[in-house]
Amino acid sequence: MQRIYLTFVVLFLFIAGVSAQTNNKLVAASFARGKTVYLQRCMVCHQADGGGVPKLNAPLDASTAVNGSDVAKLIKYIVKGFADRVEIDGELYSNVMPAAADLKDEQIADVLTFIRSHWSNKAGPVTKLQVKQTRSKLK
Ligand code: HEC
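Let us look at the structure shown here. (Residues numbered from 1 in each chain as written. Predicted model: local features only at pLDDT ≥ 70, side-chain atom pairs only at ≥ 80, totals over all residues. Heavy atoms only, no water.)

**Some remarks on the overall build of the chain**
If you tally the helices and strands in the chain, you get five helices and zero strands. Ordered by position in the sequence, the α and β elements of the chain form the string α-α-α-α-α. Computed over its C-alpha atoms, the radius of gyration of the chain comes to 19 Å, more than 25% above the 14 Å expected for a compact globule of 139 residues. In terms of principal-axis extent, the alpha carbons of the chain reach across some 70 × 30 × 25 Å. For the chain, the computed accessible surface area is about 9,200 Å², with 62% contributed by carbon and sulfur atoms. (Helix = DSSP H or I, 4+ residues; strand = E, 2+ residues; numbered from the N terminus. Rg over C-alpha atoms; globule rule 2.2 N^0.38 Å. Areas by Shrake-Rupley, 256 points an atom, 1.4 Å probe, with all protein chains shown as cover.)

Next comes the structure, spelled out in structure tokens:
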């Protein structure tokens, strides 16, 4: 009896370990693809170090919103663009962020996964499904 119990425990730990590893690999792949999107579409304004340009383009490194839990807001900025001229962490930025609506759901998830966990940022990944669901509600 005890043997059977132990076998199940070992099996469970093995499966949990393998699925955690698979998930880590998926996130790493998304991060790598997101970096490519960033270099092609975002870096020109937000800069390689994520620091942005003072008074012109908001920084993404150490930003409250980028590290925050309102992922839908971040998805919206990319799909619809962003030029609200509201204070971001106490500063105003005068440039206009163009919509990047041509990006696929996966590319948006990837670039957000990248910016949320690069530089000093330590927020969790964004999935394709989250982008799909948020996008379908945007007008
Ligand atoms: C033409 C320049 C430009 C490009 C290209 C650009 N952005 Fe932006 N981004 C801005 C500006 C300007 C703001 C602030 C807008 C405002 O204050 O109204 C901003 C704001 C943001 C914010 C909000 C930051 C915060 O702290 O609230 C995020 C997130 C963001 N951009 C991500 C991206 C991503 C990801 C890409 C690439 C897909 C991108 N941006 C491309 C100029 C740009």
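**Thoughts on the site of the ligand**
Around the ligand, a shell composed of 24 residues is seen, among which Cys42, Cys45, His46, Ser63 and Met97 lie nearest. A distance of 2.9 Å is found between an oxygen atom of the ligand and a backbone nitrogen or oxygen belonging to Asp84. The backbone of Arg85 places a nitrogen or oxygen atom 2.9 Å from an oxygen atom of the ligand. Every element with two or more residues in the shell around the ligand is listed here: α2 (43-46) and α3 (71-80). Classifying every residue of the shell around the ligand by side-chain character gives 17 nonpolar, four polar and three charged. (Near = heavy atom within 4 Å. Polar contact = N/O pair within 3.5 Å; in protein donor to acceptor, adjacent residues only side chain to side chain. Nonpolar A, V, L, I, M, F, W, Y, C, P; charged D, E, K, R; others polar.)

**Topic: a nonpolar patch on the surface**
A surface patch of nonpolar side chains, amounting to about 620 Å² of accessible area, comprises Ile4, Phe8, Leu11, Phe14, Ile15 and Val18. Within the secondary structure layout, Phe8 lies in helix α1 (residues 2-41). By relative accessible area, Phe8 is classed as exposed at 56%. (Patch = residues over 30% accessible without salt bridge, like charges linked within 9 Å, V, L, I, M, F, W, Y side chains within 5 Å. Salt bridge = Lys/Arg side-chain N within 4 Å of Asp/Glu carboxyl O. Buried < 20%, exposed > 50% of the residue type's maximum accessible area, 1.4 Å probe, protein only.)

**Regarding α1**
A rise of 1.5 Å per residue sets the reference length of α1, with its 40 residues, at 58 Å; its end C-alpha atoms lie 58 Å apart and thus fit the reference within 8%. Buried within α1 we find Ser30, Gly34, Val37 and Tyr38. (Expected span 1.5 Å × (residues − 1).)

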